[in-house]
Amino acid sequence: PPCSIANISTMAESSSQKMCPKVRFGKTEIMMPMVTCGGMRQQQSWNRGGTSPILSIDQVTPECQANFVTIIRAALARGINHFETAQGYGCSELQFGHAFKELIESDEVRREDLIIQTKIGVKKTKEEFQQALETSWERLQVDQVFGGYIDLFSFHGINREHHVDLVDSTLMAV
C-alpha cells in the first residue's frame, strides 16, 4: 500500500551503498541517473475511485509525507536525482512539491542538483493543456520551490494514433 516502505530510513543511512551510474541524456548536457525515483506508488491517494481528492498538503497524513521525504533522501543518497511524477498519479505532484520545499529550504539538496519531470495526458485544446500545466505547476510549487522551471516534461498516455495528432496540435497552438 502507499506510504508503507519498510526499512527505507536504515537503507538511506547505510555507508556501504553504491552510487547509481549516470549517462548523458540524449544530446543534452543532462547527466541522467540510470534509475529514476518515480512518484507513482508512494503518494497517499490516487484521487479517484469515489474517495475525496487530496487537494492540500493538510489532507496528507504526516506519516505518509515523512515517508515520501525519506524515499527522496534514500534516492539522493544513492545518486538518484531524477524524480518524475504525473498529474495522473493522484497527489504525487503535491507531495513532491512539499517534500522538495522542505529539503531545499533545509539545505539538504540544491535545486540545481535535481532533475524534475512531470507528465500530463493529451488534451483536446490549447486551453485544456494550459490549465492542466498550470495545475501541475501549482501542485509542484514550481515557482516557489523549483526556481520557476522543471527540467523535463512529457505527454502521458500517448497510446493511440489520434493522441499524436492532439500532441501536434497542442504544440503548434502553444
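The present account deals with the structure reproduced in this document. Model, not experiment: these values are computed from the prediction.

### Some thoughts on the pattern of salt bridges
Under the defined criterion, the tally for this structure stands at seven salt bridges. The partner of arginine 139 in a salt bridge is glutamate 93, and the shortest N-O contact between them spans 3.7 Å. Here arginine 139 is found in helix H4 (residues 126–140), whereas its partner glutamate 93 is found in helix H3 (residues 92–105), with 46 residues between them in sequence. The exposure class of glutamate 93 is buried, given its relative accessible area of 0%. With its nearest N and O atoms 3.0 Å apart, the salt bridge here joins arginine 111 to aspartate 151. Linking arginine 111 in the loop between H3 and strand E5 (115–121) with aspartate 151 in the loop between helix H5 (142–145) and strand E6 (152–156), this pair joins segments that are 40 residues apart in sequence. When its relative accessible area of 8% is taken as the criterion, arginine 111 is described as buried. A residue is classified by how much of its surface remains accessible, and aspartate 151, at 28% relative accessible area, is partly exposed. Here the salt bridges share partners, and the residues they tie into one network are Arg73, Glu102 and Glu108.

### What to know about a nonpolar patch on the surface
The grouping of Val23, Met34 and Val35 at the surface amounts to a nonpolar patch, some 260 Å² of accessible area in total. Relative to the helices and strands, valine 23 is located in strand E1 (residues 22–24).

### Some remarks on the packing of aromatic side chains
All told, the structure shown has nine aromatic pairs when counted by the stated rule. The interplanar angle of 80° and the centroid separation of 4.8 Å between the aromatic rings of phenylalanine 68 and phenylalanine 96 together place this pair among those described as edge-to-face. Within this pair, whereas phenylalanine 68 is found in helix H2 (residues 62–77), its partner phenylalanine 96 is found in helix H3, the two being separated by 28 residues in sequence. Taken as a pair, phenylalanine 68 and phenylalanine 96 share a single burial class, namely buried. Seen from their ring centres, phenylalanine 96 and phenylalanine 100 are 5.9 Å apart, and the 10° between their planes marks the pair as stacked.

### Things to note about H3
Counted at 1.5 Å a residue, the expected span for H3 with its 14 residues is 20 Å, and the 20 Å between its end C-alpha atoms agrees. When you tally the buried positions in H3, you get 10 out of 14 residues, the bulk of the element. Among the residues making up H3, those that are buried are Ser92, Glu93, Leu94, Gln95, Phe96, Gly97, Ala99, Phe100, Leu103 and Ile104. The secondary structure elements touched by the buried residues of H3 are strand E3 (37–38), H2, strand E4 (82–84), E5, H4 and H5.

Procedures and definitions
- Along each chain, numbering runs from 1 in the same order as the chain's sequence is written.
- For this predicted model, a pLDDT threshold of at least 70 governs which residues receive local features, and a threshold of 80 or more governs which side-chain atom pairs are given and counted, while totals over whole chains, interfaces and linings are taken from all residues.
- In computing side-chain properties, one takes all heavy atoms of the structure into account and sets aside hydrogens as well as water.
- Put simply, a salt bridge is a Lys or Arg side-chain nitrogen that is within 4 Å of an Asp or Glu carboxyl oxygen.
- Secondary structure elements follow DSSP: runs of H or I no shorter than four residues count as helices, runs of E no shorter than two count as strands, and numbering proceeds from the N terminus.
- Burial classes: relative accessible area under 20% of the type maximum marks a residue as buried, over 50% as exposed, and values in between as partly exposed (1.4 Å probe, protein chains only).
- For patch detection, residues must exceed 30% relative accessible area and be free of salt bridges, and they are connected within 9 Å for like charges or within 5 Å for nonpolar side chains (Val, Leu, Ile, Met, Phe, Trp, Tyr).
- Reported accessibility uses the Shrake-Rupley method at a 1.4 Å probe radius. Residues are deemed covered only where the shown protein chains occlude them.
- Whether two aromatic rings pair depends on their centres lying within 6.5 Å, for rings of Phe, Tyr and Trp, where Trp uses its six-membered ring; planes under 30 degrees apart make the pair stacked, over 60 edge-to-face, and the rest tilted.
- Here the expected length of a helix is defined as 1.5 Å per residue gap, with one fewer gap than residues.
- Here, residues are in contact when the closest pair of their heavy atoms is within 4.5 Å.

By themselves, these are just geometric observations and shouldn't be taken as functional.
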